[in-house]
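# Coordinate analysis (summary)
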Amino acid sequence: MMLQAFLSISMGESELLAYVLAVLYLSLGITALVQLIRIQLRLPEYGWTTQKVFHLLNVMCLFARGALFFIFPDKWLVNIADPPDRPLFYYTAFLLPGQIYFTTYTLLILFWAEIYHQARSLPLKHLRPAFFACNAVVYIVPLGIAVAQMQVRRP
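Residues numbered from 1 in each chain as written. Predicted model: local features only at pLDDT ≥ 70, side-chain atom pairs only at ≥ 80, totals over all residues. Heavy atoms only, no water.

### Overview of the confidence of the model for the protein chain
Convention followed: One number per residue, pLDDT, summarises how confident the predictor is, and it ranges from 0 to 100. Starting at the N terminus, helices and strands are each numbered in turn, a helix being any DSSP run of H or I of at least four residues and a strand any DSSP run of E of at least two. Only heavy atoms matter for contacts: two residues are in contact if any of them lie within 4.5 Å across the pair.
The share of residues in the protein chain with pLDDT of 70 or more is 86%, and the mean pLDDT across the chain is 86. Per-element confidence in the protein chain is highest for helix H3 (residues 50-71), whose mean pLDDT is 93, and lowest for helix H1 (residues 2-7), whose mean pLDDT is 48. This model gives residues 1-5 a pLDDT under 50, and the stretch forms seven contacts once residues within four places in sequence are excluded.

Quick look at the structure:
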């Protein structure tokens, strides 16, 4: 792989690094899960607040990344120039956690924008549709590329 040659990482070091990253991701995921449970136990009557959804998305992203590094310790260094053999699997396993991460932090930006707009007495009606539209593009475009790659590979 080109990236391995550039970084001069041996296969054993690459797998060790993958396991270290997996443990770190899973540790952070457990921390986020504990925080989510604490918030829910403290304030169950409020339902799903922005803070709870933020922690839930973090848990999903961190656990997905941790599992990915544990399950595929030798496949995490991907050569961008070489398209994947199974595009939908690649999309789900490798790209989806990053997209969940993107959604997590666009949710944080939405939260800050709502606070700002409320403080300035500005309308809020365009913020959530913009959040959903932005996230829809981020999820649909790579999925469309994966489906197109599958169509091209079929004989």
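So that's the structure; there's more coming.
### Here's the deal with the packing of H3 against helix H4 (residues 87-119)
Short version of the rule: Note on geometry: axes are lines fitted to C-alpha atoms, helical ones only across the stretch in contact, with angles between N-to-C directions running from 0 to 180 degrees. Just so you know how the angles are binned, under 35 degrees is roughly parallel, over 145 roughly antiparallel, 65 to 115 roughly perpendicular, and the rest oblique. Crossing handedness is defined as follows: a turn of the near helix away from the far one that is anticlockwise and smaller than a right angle gives a left-handed crossing, while the clockwise case is right-handed. Residues are grouped as follows: Ala, Val, Leu, Ile, Met, Phe, Trp, Tyr, Cys and Pro are nonpolar; Asp, Glu, Lys and Arg are charged; every other residue, Gly included, is polar.
Relative orientation of the contacting elements H3 and H4 amounts to 160 degrees, with a least axis distance of 9 Å. Looking at the two axes, H3 sits roughly antiparallel to H4. Crossing angle aside, the handedness with which H3 passes H4 is left-handed. Two secondary-structure elements touch here, H3 through Thr 50, Val 53, Phe 54, Leu 57, Asn 58, Met 60, Cys 61, Ala 64, Arg 65 and Leu 68 and H4 through Ala 93, Phe 94, Pro 97, Gly 98, Ile 100, Tyr 101, Thr 103, Thr 104, Tyr 105, Leu 107, Leu 108 and Phe 111. Among the residues making up the contact of H3 with H4, the classes are represented as 16 nonpolar, five polar and one charged.

### Here's the deal with the pattern of salt bridges
The following threshold applies: Throughout this description, the term salt bridge denotes a Lys or Arg side-chain nitrogen within 4 Å of a carboxyl oxygen of Asp or Glu.
The full count for this structure, using the stated rule, is one salt bridge. As a salt-bridge pair, Arg 128 and Glu 114 come within 3.2 Å of each other at their nearest N and O atoms. Here Glu 114 lies in helix H4 and Arg 128 lies in helix H5 (residues 127-153), a separation of 14 residues in the sequence.

### With respect to the packing of aromatic side chains
Put simply, the rule reads: Here a Phe, Tyr or Trp ring, Trp counted by its six-membered ring, pairs with any other such ring whose centre lies within 6.5 Å, and the pair is stacked when the planes are under 30 degrees apart, edge-to-face when over 60, and tilted otherwise. Think of it in three bands: residues with accessible area under 20% of the maximum for their type are buried, residues over 50% are exposed, and the middle band is partly exposed, with areas taken using a 1.4 Å probe on protein chains only.
Overall, the coordinates contain six aromatic pairs when judged by the stated rule. A ring pair is formed by Phe 54 and Tyr 105, whose centres lie 5.6 Å apart and whose planes are at 90 degrees; its orientation type is edge-to-face. Remark: Tyr 105 occurs in helix H4 and Phe 54 occurs in helix H3; sequence separation between them is 51 residues. Judged by its relative accessible area of 17%, Phe 54 falls in the buried class. Its relative accessible area of 31% is what places Tyr 105 among the partly exposed residues. Ring centres 5.2 Å apart and planes at 65 degrees place the aromatic pair Phe 131 and Phe 132 in the edge-to-face group. A network of ring pairs unites the aromatic residues Phe 54, Tyr 101 and Tyr 105 as a single cluster.

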